[in-house]
Structure formats: C-alpha cells, structure tokens
Amino acid sequence: MIIAMWSGPRNLSTAMMRSFGSRADCTVMDEPFFAAYLKVSGKAHPGREETLAQNETDPERVAELCKTPVAEEYSFQKHMPHHMLDGFPMDWAKDAKHFFLIRHPQRVIASYAKERGDFEVGDLGFAPQRRLWEDLGRPPVIHSETILQNPSAALRALCAAIDIPFDPAMLSWEAGERPEDGPWAPWWYKGVWASTGFGAPPKAMPEIAPHYQAMLDACLPDYMGLAESALQI
C-alpha cells in the first residue's frame, strides 16, 4: 500500500520521511518525480546536475517505480505537488493513502531563503498543493506545528486519519544520512542528518525581507484554505 505525503519544501517533510522510515513495516521514497520535474521544466536548482544524473527522469517510468510492490506493507512516498507537471501520470496514486503536510508560508520563506536566496513563488508549491488536495478529494491535512507541539498525539491522529496503526517507532530515529536520501540532500538535509527525533515547537514568527512580501501574500490564501481543514489534537 502506498502512503503518499504531499508537502512543500522546508516543511518538516524529511523528518516525516525519517519518522515513517523508522517503522518496520514501511519503506520510503524521497521525491521520486523531482528529476523528471527538473528535466521537463528546465528549472535551475541546487543539486540539479547530480539529481538528473542519479535519478529517473522519465515521468512514466517514475510512476512505474512508485507503484512497484515492496516487501514491506507500506511504501511511504514523499512527494511535492509542484513536481507534478501537466501530463505527469497520477494513475499510481489512485488507491494510495494520501495526506498533506503544511507550514505557514512565512516560516517556509524564511527557511528557504537561508539556503537559496533566488527563488520564485512556484518553488514553494502552495497553489499546486491546494489544487491537488481538491483533486484528490480533500485527504487529511496535518500542520507541521501540530506535529512539533506534540509528536505522539499528532502522529496518532494522522495514522488514524489515514487508517493505519500508529507505531511508537515513528517518534525517533538514528542520526545520519540514509541511502534513500536524494542527491539534493547535502543542500537541504543537514538539520535532519543531525537529528534523532522531532525538534522543539517553533517560536515567534520569523521576519522576512521586504522583497518577499508579495510572495507571502500570494501563498497565504492557499495555505489558509488547507489550514482550515488541518487535523486538531
């Protein structure tokens, strides 16, 4: 059974991949459509050449990989909605268990800007995330802050929402790199590599540079549309 998590960048998504990867009944995939997205879109991105060289770039073949049976009961797949360009196959997701992970766009922008100063609103994926959520029939939504405030209760609620048993192993993992980490990991995963569990809840809302304000304003309506349906614990 596929468990498809749909998240934007800088959104606790890799920690969630670690969390599900800690389950004995689960294997994980890290952004399988990213290389295809880079090839078709032509987008510049940290780790672009490494990603194109090491990952499948044909979206049809990626879809086949996504639906390939695994030895474990669950195939947890970390996906980003903006990677699913027009014409990319979605048949692999027909019978999957879906959930959407969100974070306030001001926090996303502040975090993203630390690693990559030159980016566009489309790189954050809020509009595609909301569209896909609607297209998939409004699956469960969970807020990253909810997870950080009470990981055990939040993950129990999430597992119940997607109808799988909760496993306490999801609450911790060993520090370090993983074979499944994408080739873009050196640019983005250093915090997760140093972690052994979910971090502390966020503090005050970070400031962003004035030139990001229009980007924040563009993201807020889609974020709010998803946040209204987020799981409560």
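Further up the page is the structure itself.
Residues numbered from 1 in each chain as written. Predicted model: local features only at pLDDT ≥ 70, side-chain atom pairs only at ≥ 80, totals over all residues. Heavy atoms only, no water.

## Comments concerning the overall build of the chain
Right, so step 1: A tally of helices and strands in the chain yields 11 helices and five strands.
Right, so step 2: The C-alpha radius of gyration computed for the chain amounts to 17 Å, which stays within 12% of the reference 17 Å derived for 233 residues, consistent with globular compactness.
Right, so step 3: For the chain, the C-alpha atoms occupy an extent of roughly 50 × 40 × 35 Å along the three principal directions.
Right, so step 4: Considering only contacts in the chain between residues 6 or more positions apart, those separated by 24 or more positions represent 80%.
Right, so step 5: A total of about 10700 Å² of accessible surface is found on the chain, and carbon and sulfur atoms cover 50% of it.
Right, so step 6: Each charge sign in the chain was given a centre, from 22 positive and 31 negative side chains, and these centres are 3 Å apart. (Helix = DSSP H or I, 4+ residues; strand = E, 2+ residues; numbered from the N terminus. Rg over C-alpha atoms; globule rule 2.2 N^0.38 Å. Contact = heavy atoms within 4.5 Å. Areas by Shrake-Rupley, 256 points an atom, 1.4 Å probe, with all protein chains shown as cover. Lys, Arg positive; Asp, Glu negative; His and termini not counted. Charge placed at Lys NZ, Arg CZ, Asp CG, Glu CD.)

## Some thoughts on the nonpolar core
Right, so step 1: The biggest cluster of nonpolar side chains holds 43 residues, and the ones touching the most others in it are Trp6, Phe33, Trp92, Ile109, Phe119, Leu124 and Val141.
Right, so step 2: When residues of this core are traced back to their parent elements, those giving at least two are strand E1 (2–7), helix H2 (34–41), helix H4 (59–66), strand E4 (97–102), helix H5 (105–115), helix H6 (126–135), helix H9 (185–188) and helix H11 (213–227).
Right, so step 3: The dominant element in this core, judged by the number of residues it contributes, is H11, at six residues.
Right, so step 4: Those residues in contact with Trp92 that lie beyond four places of it in its chain are Ile2, Ala4, Trp6, Phe33, Ala63, Cys66, Lys67, Gln77, His79 and Met84. (Core = buried A, V, L, I, M, F, W, Y, C linked by side-chain atoms within 4.5 Å. Buried < 20%, exposed > 50% of the residue type's maximum accessible area, 1.4 Å probe, protein only.)

## Side note on the environment of Arg130
Right, so step 1: Mapped onto the secondary structure, Arg130 falls in helix H6.
Right, so step 2: What makes Arg130 partly exposed here is its relative accessible area of 28%.
Right, so step 3: For the pair Arg130 and Pro89, spaced 41 residues apart in sequence, the C-alpha separation works out to 18 Å.
Right, so step 4: Those residues in contact with Arg130 that lie beyond four places of it in its chain are Pro221, Asp222, Gly225 and Leu226.

## With respect to the side chain of Gln129
Right, so step 1: Inspection of the secondary structure puts Gln129 in helix H6.
Right, so step 2: Leaving out residues up to four positions away in the same chain, Gln129 has contacts with Trp6, Ser7, Gly8, Pro81, Phe100, Leu101, Ile102 and Leu226.

## Description of the environment of Met84
Right, so step 1: When you line up the elements, Met84 lands in the loop between strand E3 (74–79) and E4.
Right, so step 2: Along the chain, Met84 and Phe33 lie 51 residues apart, while their C-alpha atoms are 7.2 Å from each other.
Right, so step 3: Leave out the neighbours within four places in its chain, and Met84 touches Trp6, Phe33, Pro89, Met90 and Trp92.

## Some remarks on unusual backbone geometry
Right, so step 1: At Arg10, a position not held by glycine, the phi torsion is positive, near 55°.
Right, so step 2: Among the structural elements, Arg10 can be located in the loop between E1 and helix H1 (13–21).
Right, so step 3: We classify Arg10 as partly exposed; its relative accessible area is 23%.
Right, so step 4: Backbone geometry places Asp163, a non-glycine residue, at a positive phi of 60°.

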